[in-house]
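# Topology and contacts: notes
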Amino acid sequence: MPICITLGDPAGIGPEVTFKAIKGIPNHPGIILFAHHNTLKHADNALRIKPYSGSVEPNGVAAIEVAHQLSPNNHPNDPTNAKIAFECLETALNHCKQHGSPLVTAPISKAGFFNAGIPFTDHTTWLKHAFNCPNAGMAFYSTPLNVVLATIHIALDQVPKALTKGCIHAALTNAITFAATLGINSPTIAIAGLNPHAGEHGQFGRFEVDALPAILESFAHGAANIVGPISPDTVFKGAVDGQYDIVVAMYHDQGLIPVKLLAFDHAVNVTVGLPICRTSPDHGTAYSIANKQMANPSAMASAIQFAINYGQ
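These lines cover the structure that appears in this document, whether it is placed above or below. (Residues numbered from 1 in each chain as written. Predicted model: local features only at pLDDT ≥ 70, side-chain atom pairs only at ≥ 80, totals over all residues. Heavy atoms only, no water.)

### Quick notes on the packing of aromatic side chains
With the rule as written, the count across this model stands at six aromatic pairs. Ring geometry for F86 and W126: centres 6.0 Å apart, planes at 70 degrees, overall edge-to-face. Placement of F86 in helix α3 (residues 79-99) and of W126 in helix α5 (residues 123-130) is noted, with a sequence separation of 40 residues between them. Both residues of the pair, F86 and W126, count as buried. Here the aromatic rings of F306 and Y310 are separated by 4.6 Å at their centres, their planes lie at 45 degrees, and the arrangement is tilted. Of this pair, F306 and Y310 both sit in helix α11 (residues 298-310), four residues apart, which is roughly one turn of the helix. A relative accessible area of 3% means that F306 is categorised as buried. For Y310, a relative accessible area of 30% gives the class partly exposed. Its guanidinium or amino end placed over the ring of F131, K97 lies 5.5 Å from that ring's centre, counting from NZ or CZ. (Phe/Tyr/Trp six-rings, centres within 6.5 Å; stacked < 30°, edge-to-face > 60°. Helix = DSSP H or I, 4+ residues; strand = E, 2+ residues; numbered from the N terminus. Buried < 20%, exposed > 50% of the residue type's maximum accessible area, 1.4 Å probe, protein only. Lys NZ or Arg CZ within 6 Å of the ring centre and 35° of its normal.)

What follows is the structure, given as structure tokens:
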């Protein structure tokens, strides 16, 4: 099944890393790009991009041109660029819904979406809405470390009240689904504590004492081995050493700091809990190096390769 790819913010590195990544993947089931025609004009000629006509051959690259009425520019966080990126996403989504195709998304600008009045902060919240999958979540795949986030793009002071029974149960369900996608049977899933030292028996916060045990006890988890809460300053080291298959992090930076430290150039953002496979690189638009042929395509290549390996 062909892989669908949106090129993200036209002023960012998304187009560059996409074209570079595709060139470096020798065998794929065919790729369909969703982009503005001005963006496609910068593609490497070696890709031999053809207009999409209903099918694409293995190792072929086709394109569906979107947002003809808009003109992209090189301004960071620009609302017009955000509208182009969003129209590409909507067009790709309709195709994926119809055909069940995997979707790979190049980086968008959250500030650009805000400036354009688009009511979604990121790909994940948009996809959850579009597929009516409120419990879908954000996971990160890499060779040294696999992480599922309980909460994503919210302010730090909102995290404790967001960690409800439903939130934690959804994260655990997503972790089990993520493990199954990766071919891990009977996974060991570690729960990171919210507070330093996982609260140190209530000295540094009582979430791990008063709320989390009952939440974990009420979760029907089947064959998974769920352990924790474990101090967040040691749980990721344990996962890297092979003690745990997946770590459930309580908030965005708790999970993303170790992932990006260990695997910045090849970690893959995976949306777990959708009816299709959706991935993206774990970096942003990187405006400062866009259009300079300096961007490293490794993370985008990993995102495409994940869709090829696990999204069919």
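### What about the pairing of strand β6 (residues 137-141)?
For β6, the buried fraction is high: four of the five residues fall into the buried class. Relative to strand β11 (residues 268-272), β6 runs antiparallel, the two sharing five bridges. Counterpart to A139 in the pairing with β11 is V270. Inspection of the sheet shows β6 paired to strand β7 (residues 147-149) by two bridges, in the antiparallel sense. (Pairing = 2+ DSSP bridges.)

### Considerations on the side chain of N81
On the secondary structure map, N81 appears in helix α3. Owing to a relative accessible area of 0%, N81 belongs among the buried residues under this scheme. Ignoring sequence-local partners within four residues, the contact set of N81 consists of D9, P10, A11, P72, N73 and H75. (Contact = heavy atoms within 4.5 Å.)

### What to know about the pattern of salt bridges
The final tally for this structure, using the stated rule, is three salt bridges. Measuring nitrogen to oxygen at the nearest pair gives 2.9 Å for the salt bridge that ties D210 to R206. For D210, a relative accessible area of 52% puts it in the exposed group. For K237, the salt bridge is made with D241, and the minimal N-O distance between the two is 2.6 Å. When its relative accessible area of 54% is taken as the criterion, K237 is described as exposed. Residue classification places D241 among the partly exposed positions, given a relative accessible area of 47%. (Salt bridge = Lys/Arg side-chain N within 4 Å of Asp/Glu carboxyl O.)

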